[in-house]
Amino acid sequence: MSLSGTGNFCQPICEDSSSSHRHPWYPPEIATTDPIARGQLLLRNTLTGKKEPFVPMQARHVRWYTCGPTVYDSSHVGHARTYLSFDIMRRVMTDYFHYNVLYQINTTDIDDKIILRARQNELIRQLELDTSVDFDKLVVLAKEALGEAKAKSDQKKEEIAKAIEEATQNKDSRAKTEQEGLMEQHLVKRKNLDGDEAKIMELCGSSSSSSKDARAELLVAAKSVIAEKLDREKGHLITDHSVFNAHARQYEREFMEDMTALGIREPDVLTRVTEYVPQIIAFVETIIEKGLAYKSNGSVYLSLDSFQAAGHNYRKLNPAGPGGAATSAAEMAEGEGALGGGGTSEKRNPSDFALWKASKPGEPAWESPFGPGRPGWHIECSVVAGDILGERIDIHSGGEDLKFPHHDNELAQSEACFGCNQWVNYFTHTGHLHIQGLKMSKSLKNFITIRQALEHNTARQLRIMFLLQAWDQPMNYSDQTIDDARSKEAAFKSFFREVEALVRDDYLAQEVGWRMADHDHKLADAYLAARQTVHESLLDNFNTKDAMSALLKVINEANTYLRLPQVRPSVLLLRAIATYVTQILKIFGVIDGEDEFGFGSGGGDANATSGGGEQYIETLVSFRESIRNAALEAAKGGDSKAAIQSVLQICDALRDEVLPKVGVRLEDRPTGTMWNLEDPEVMAKELAEKAAKEKEAQISKLEKQLIAREKECEKIKNSMVKPDDMFRTNEFKEWDESGVPTTLANGDPVSGGQMKKKKKAIDKQSKAFKDLMEKSGNNPQEVLSAAQKEVDSIKEKLSSLSL
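Residues numbered from 1 in each chain as written. Predicted model: local features only at pLDDT ≥ 70, side-chain atom pairs only at ≥ 80, totals over all residues. Heavy atoms only, no water.

## Section: the overall build of the protein chain
Move 1: Along its length, the protein chain carries 23 helices and 20 strands.
Move 2: Against the 2.2 N^0.38 benchmark of 28 Å for 803 residues, the protein chain shows a C-alpha radius of gyration of 36 Å, more extended than a compact globule.
Move 3: Projected onto its principal axes, the C-alpha coordinates of the protein chain cover approximately 110 × 100 × 55 Å.
Move 4: In the protein chain, buried positions account for 45% of the 803 residues.
Move 5: Taking as baseline every contact in the protein chain between residues at least 6 positions apart, the subset at least 24 positions apart corresponds to 72%.
Move 6: Accessible area of the protein chain: about 41400 Å², with a carbon and sulfur share of 51%.
Move 7: Between the mean site of the 102 positive side-chain charges and the mean site of the 121 negative ones, the protein chain shows a separation of 4 Å. (Helix = DSSP H or I, 4+ residues; strand = E, 2+ residues; numbered from the N terminus. Rg over C-alpha atoms; globule rule 2.2 N^0.38 Å. Buried < 20%, exposed > 50% of the residue type's maximum accessible area, 1.4 Å probe, protein only. Contact = heavy atoms within 4.5 Å. Areas by Shrake-Rupley, 256 points an atom, 1.4 Å probe, with all protein chains shown as cover. Lys, Arg positive; Asp, Glu negative; His and termini not counted. Charge placed at Lys NZ, Arg CZ, Asp CG, Glu CD.)

Here it is, written out as structure tokens:
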């Protein structure tokens, strides 16, 4: 705990003068207005729905459990949001507040989703190898599967629509909102299915049906619908545990590799469900012995009626009515999983949930006193966390969508087993990650995998993006949020380069101290204010958004300071700011390295280069600057313009093309040229992005020019028509002397109103024709040819840029 002052003094402390010669001392007044001023860490606790002072159960030891992935598929950016957010919080907890954290993550390696996906992939693999199913048979299979998928989709839509209607009639706003959300998701899924249908039907009609490629392409396009059909028909035949285990191991490894690529620290403890089955069975038996769970058809359910009768509370994170009365059908279905088929007939209360599931054909099974089966979805976290962290956990974390039923059911079964009223003291949940208005989800096929995201962005940029958001609130993933992260990264880089150049000089050879009067004081105040804001922000529920704003604000103040006329900067103060900013960014995981300040690759280390490399760079820079200055002076006098321009272009090429390849960045300033060492790969990427943007801007400019020139050509063509020839068409057979039609082709007279309109059009054309003839010197074709030549030239430029 650290205290804050009010700026005032307390009454003096005066010791008895007979025993001490001390004079009175005036203690600074302690700010006690709020927990943050008193140095308390506040944490938003889902159990209470508000920020609470964080107090570990024992000393400064923090036992922290985070739900890990269900490893059935590749992880996406929504997962990155959760695990990066908790990684940042963990780093702040350990590296800034210096708590002793024991951090555990569990891998769910047996679950309904894993079983389904593993079975389906195995059946597709078998189909790929089955040579008896040629292209024509695959077409039949794909069309059948597609028809079944569409029928299932139609039925689902009807069910949701009926549920919305019932909720409306019953004036149940909660159920209506829930079902409307499901309908929105269903429509997205149906749109995806329609897209799949278009691809499938196109490939089914392929003329190259005899080729292996055609069969392979159709299988890829129809994989989703065929896999579901095969699973319904043959899924019960997949019984080999190794199929499910291999599938889980593949995606577990991929997940851990993704976490490493994102710079996320490994947990202190990693557990797997499949390695805890004996402990899970014992855990369930304990709850049965206490009379809080019961067996039914080979499964075991927690009895919510008995649980609450024993004095426990249910749905602490997402409160509902007594006995779970407000638990909706959709929520119960979510709690039972994709393979839940037992219904409510074997339950005493429809809201009771499975601790142990009797395995059906096609599902892995372990022997138990209850019969062959597998762990329920929720039981795993209770058992592995209870085994490692004990019967009292300080923090339990996960994504927003796990609050209910998963985490509420975890709490219930844990408190039932351990006989306590509060198994977890603080629950933290990250907000959803949205893309185009919907939660990023595999089922909606609107997700971007972590690996795809890292193809276009660095791990640092993704981390900065999440640091700029409140961890416990929803956020949008878009080009704008990524671009904002990139711009903030560029701001940090630019500042570090400025300070690096200043530190490189021998500041002790000059005057030291503050030589900019009030400007130095203002910058120092901004520095101290930034440190205070960062500290208070991190105390306030790990508010990295405001902490990052404070860092960027002091950098902006420093940049303004460095741009002052006749600046004589306080190098040590600027170095202190750069070092502090680096320290905080290291704590956030943005920077990894030992440099005093900067992002590494030479930044922040005054001795980054070795072997006299600096001397060569200085010499080269000095040489280039001399040429550049001489050329600029010559240009002012108007001498040898072409040569001067050539010299300047060579200088710019050295800056933009040659030196970046060896990791040297030059920046031309009014006060001279500043150089820094950078990662050549980073610079190459920056140059490529800059070139791409310039090319995009050039294409956009040319496209606008093309539209304008084509309109001009069309205008010239229209203006070339002689006024009295405008309406001499087959539509009419008689005209007056000015070309106004008087009689239609069928002999009927043209109405007076129409003749008036035609006369007005001819007058307008007369003016256009006259203007064109005057402008072209009575040679409009020459003007048209010149305009058309411009159009062709622009098209040629666009074509070359497109290539």
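The rest of the description comes next.
## A few points about the sheet that holds strand β16 (residues 475-476)
Move 1: Overall, mixed pairing links the 3 strands, which are arranged β15-β14-β16 in an open sheet. Across the chains shown, the open sheet's two edge strands, defined by having one partner strand only, are β15 (438-439) and β16.
Move 2: Bridge count for strand β14 (residues 433-435) against β15 is 2 bridges, and the pairing is antiparallel. Paired with H434 across the strands is K439, a residue of β15. (Pairing = 2+ DSSP bridges.)

## With respect to the pattern of salt bridges
Move 1: For the coordinates displayed, the defined rule picks out 49 salt bridges.
Move 2: In this structure, D472 engages R44 in a salt bridge whose closest nitrogen and oxygen atoms are separated by 2.8 Å. Placement of D472 in the loop between α14 (459-467) and β16 and of R44 in strand β3 (residues 42-45) is noted, with a sequence separation of 428 residues between them.
Move 3: The partner of R272 in a salt bridge is E275, and the shortest N-O contact between them spans 2.9 Å.
Move 4: The exposure class of R272 is partly exposed, given its relative accessible area of 25%.
Move 5: Shared partners join several salt bridges into a network, and the residues in it are K493, R497, R665, E667, E678 and E686. (Salt bridge = Lys/Arg side-chain N within 4 Å of Asp/Glu carboxyl O.)

The quantities given are spatial measurements derived from coordinates; they are silent on function.
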